[in-house]
Amino acid sequence: MPAVTMEKHKDGDFFVDYEDKVFEDVKAEEGQKALVTFHTVAFEGSIGLVNILNAIRLNRKGFETSILLYGPGVTLGIQRGFPTLGDAAFPGHQNFADNLKKFMAEGGKVYACRFALQALYGHGEPSLLDGIIPIAPQDVLDLKLIHVRDNAVIVDTWTV
């Protein structure tokens, strides 16, 4: 067997050049919008958290940014916790809530489909995090069409 002679990695080491940015740092032009949609289940993968972070970044770049939670995506915007709502039962338990609250505090808007909330997941509007705007199921398409009409950046995420 070949011998491994490399030193063990230690805290503070890095494997990639994280300072080498290839593309320009794009900022929004006056009035530009962005929409990030979620059709994914909370805690079923990383895309929910990643795209909330992308929405925060788009907002900070100057885009008028909205998040649409529909289908299983509404599970990202409901209150959760254990033993009481708001408590973190494990590290990262409140990642969705904490980052959605940060996004809204920085001026972003979050919409949640009422149909998915009640018909699919058995929740009502009181289950939503403060600041999330419940919308009719017909508004899901219209919100997307408004953003298409306005030539917005759209990050559309589906997981199955």
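Structure report, in brief. (Residues numbered from 1 in each chain as written. Predicted model: local features only at pLDDT ≥ 70, side-chain atom pairs only at ≥ 80, totals over all residues. Heavy atoms only, no water.)

### Regarding the packing of aromatic side chains
So, step 1. Per the counting criterion, the structure on display carries four aromatic pairs.
So, step 2. Residues Phe43 and Phe90 carry aromatic rings whose centres are separated by 6.0 Å and whose planes lie at 70° to one another, so their mutual orientation is edge-to-face. With a gap of 47 residues between them, Phe43 in the loop between β1 (33–39) and α1 (47–60) and Phe90 in the loop between β2 (64–69) and α2 (95–105) connect regions that are remote in the sequence.
So, step 3. Classification of Phe43 as partly exposed rests on a relative accessible area of 37%. (Phe/Tyr/Trp six-rings, centres within 6.5 Å; stacked < 30°, edge-to-face > 60°. Helix = DSSP H or I, 4+ residues; strand = E, 2+ residues; numbered from the N terminus. Buried < 20%, exposed > 50% of the residue type's maximum accessible area, 1.4 Å probe, protein only.)

### Section: the environment of Ser66
So, step 1. Structurally, the position occupied by Ser66 is in strand β2.
So, step 2. With relative accessibility at 6%, the residue Ser66 sits in the buried group.
So, step 3. Along the primary structure Ser66 and Lys33 are separated by 33 residues, whereas in three dimensions their C-alpha atoms are 8.1 Å apart.
So, step 4. For Ser66, the residues in contact, after removing those within four places along its chain, are Ala34, Leu35, Val36, Phe103, Lys109, Tyr111 and His147. (Contact = heavy atoms within 4.5 Å.)

### Quick look at the pattern of salt bridges
So, step 1. Evaluation of the coordinates by the stated rule reveals eight salt bridges.
So, step 2. Its salt-bridge partner being Arg149, residue Asp150 comes within 3.3 Å of it at the nearest N-O pair.
So, step 3. For Asp150, a relative accessible area of 30% gives the class partly exposed. (Salt bridge = Lys/Arg side-chain N within 4 Å of Asp/Glu carboxyl O.)

### Quick look at the pairing of β2
So, step 1. Most of β2 sits inside the fold, with five of its six residues counted as buried.
So, step 2. Across six bridges, β1 lies against β2 in parallel orientation. Counterpart to Ala34 in the pairing with β2 is Thr65.
So, step 3. Across four bridges, β2 lies against strand β3 (residues 109–113) in parallel orientation. Paired with Ser66 across the strands is Lys109, a residue of β3. (Pairing = 2+ DSSP bridges.)

### With respect to the nonpolar core
So, step 1. Core analysis: the largest hydrophobic core is formed by 33 residues, its most contacted members being Ile67, Leu68, Leu69, Val110 and Ile132.
So, step 2. A per-element tally of this core places α2 first, with five residues.
So, step 3. What Leu69 contacts, discounting residues up to four positions off in sequence, is Phe38, Val74, Leu76, Gly77, Val110, Tyr111, Ala112, Cys113 and Ile132. (Core = buried A, V, L, I, M, F, W, Y, C linked by side-chain atoms within 4.5 Å.)

### Quick word on the pairing of β1
So, step 1. Counting buried positions along β1 yields seven of seven residues, so the element is predominantly enclosed.
So, step 2. Going residue by residue along β1, you find Lys33, Leu35, Thr37 and His39 tucked away on one face and Ala34, Val36 and Phe38 tucked away on the opposite face as well.
So, step 3. What joins β1 to β2 is α1, and the crossover it makes is right-handed.
So, step 4. For β1 and strand β5 (residues 153–158), the ladder comprises six bridges, and the chain directions are parallel. Pairing of Leu35 across the sheet is with Ile154, part of β5. (Right-handed = clockwise from strand over helix to strand, strands pointing away.)

### Considering α2
So, step 1. Considered for burial, the residues of α2 that qualify are Phe96, Ala97, Asn99, Leu100, Phe103 and Met104.
So, step 2. Residues of α2 that are buried sit in contact with α1, β2 and β3.
So, step 3. Two residues or fewer past α2, Gly107 is found with a positive phi of approximately 100°.

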